[in-house]
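Structural overview
The lines below spell out each chain.
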Amino acid sequence: VLNAQRAGYKAAIVHNVDSEDLISMGSNDIDVLKKIDIPSVFIGESSANSLKDEFTYEKGGHIILVPELSLPLEYYLIPFLII
């Protein structure tokens, strides 16, 4: 992801090879993590192949990365507990 950012990309999509397993991306190097500012997502191989088929440099296109914010129910109840 850091290399993609250095190359001027605004986001990075990383995919697994020969697998649909999703892996949590991260680094043990805190200095590297501090340098990364662009959003990134990890996808399985079939999703990557679909993206490659649909979106090419010649065709153009936009992909919107939307974070999934799913908070536990307790987080929504905290304001009521305080009152």
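As a reminder, the structure under discussion sits directly above these lines.
Predicted model, so just to flag it, every value in this text is computed and none were measured. (Residues numbered from 1 in each chain as written. Predicted model: local features only at pLDDT ≥ 70, side-chain atom pairs only at ≥ 80, totals over all residues. Heavy atoms only, no water.)

Assigned secondary structure in the protein chain consists of 4 helices and 2 strands. For the protein chain, the proportion of its 83 residues judged to be buried stands at 13%. Put simply, 70% of the contacts in the protein chain that link residues at least 6 apart link residues at least 24 apart. Of the roughly 7300 Å² of accessible surface on the protein chain, a fraction of 58% belongs to carbon and sulfur atoms. (Helix = DSSP H or I, 4+ residues; strand = E, 2+ residues; numbered from the N terminus. Buried < 20%, exposed > 50% of the residue type's maximum accessible area, 1.4 Å probe, protein only. Contact = heavy atoms within 4.5 Å. Areas by Shrake-Rupley, 256 points an atom, 1.4 Å probe, with all protein chains shown as cover.)

Another aspect to go through is the layout of surface pockets. Size it by volume and the largest pocket reaches roughly 630 Å³. If you go around the largest pocket, you meet 19 residues; those closest to its centre are Tyr 9, Ala 11, Ile 13, Phe 55 and Ile 63. Among the elements of the structure, β1 (12–15) and α3 (45–54) are those that each provide at least two residues to the lining of the largest pocket. Here the residues of the lining of the largest pocket are counted per class, giving 12 nonpolar, 5 polar and 2 charged. When its volume is computed, the second largest pocket comes out at roughly 170 Å³. Around the second largest pocket, the lining residues are Val 1, Leu 2, Met 25, Gly 26, Ser 27, Val 32, Leu 33, Ile 36 and Ser 40. Taken together, the residues of the lining of the second largest pocket sort by class into 6 nonpolar, 3 polar and no charged. (1 Å grid on protein atoms, 1.4 Å probe; cavity = no way out; pocket = protein on both sides within 12 Å on 5 of 7 lines; lining within 4 Å. Points joined across faces, edges and corners; volume = space filled by probe spheres on them. Nonpolar A, V, L, I, M, F, W, Y, C, P; charged D, E, K, R; others polar.)

This paragraph deals with the side chain of Ser 19. For Ser 19, the location among the structural elements is in the loop between β1 and α2 (30–35). A polar atom in the side chain of Ser 19 sits 2.9 Å from the backbone nitrogen of Asp 21. Ignoring anything within four residues of it in the chain, the contact list for Ser 19 reads Gly 44 and Glu 45. (Polar contact = N/O pair within 3.5 Å; in protein donor to acceptor, adjacent residues only side chain to side chain.)

Let us now look at the environment of Lys 59. Locating Lys 59 in the fold gives a position in the loop between α3 and α4 (73–82). Among the residues examined, Lys 59 registers a relative accessible area of 57% and is labelled exposed. The contact partners of Lys 59, leaving out residues within four places of it in the chain, are Asp 53 and Glu 54.

This paragraph deals with a nonpolar patch on the surface. Taken together, the side chains of Ile 13, Phe 55 and Ile 63 present a nonpolar region at the surface, about 240 Å² in accessible area. Looking at the secondary structure, you find Phe 55 in the loop between α3 and α4. (Patch = residues over 30% accessible without salt bridge, like charges linked within 9 Å, V, L, I, M, F, W, Y side chains within 5 Å. Salt bridge = Lys/Arg side-chain N within 4 Å of Asp/Glu carboxyl O.)

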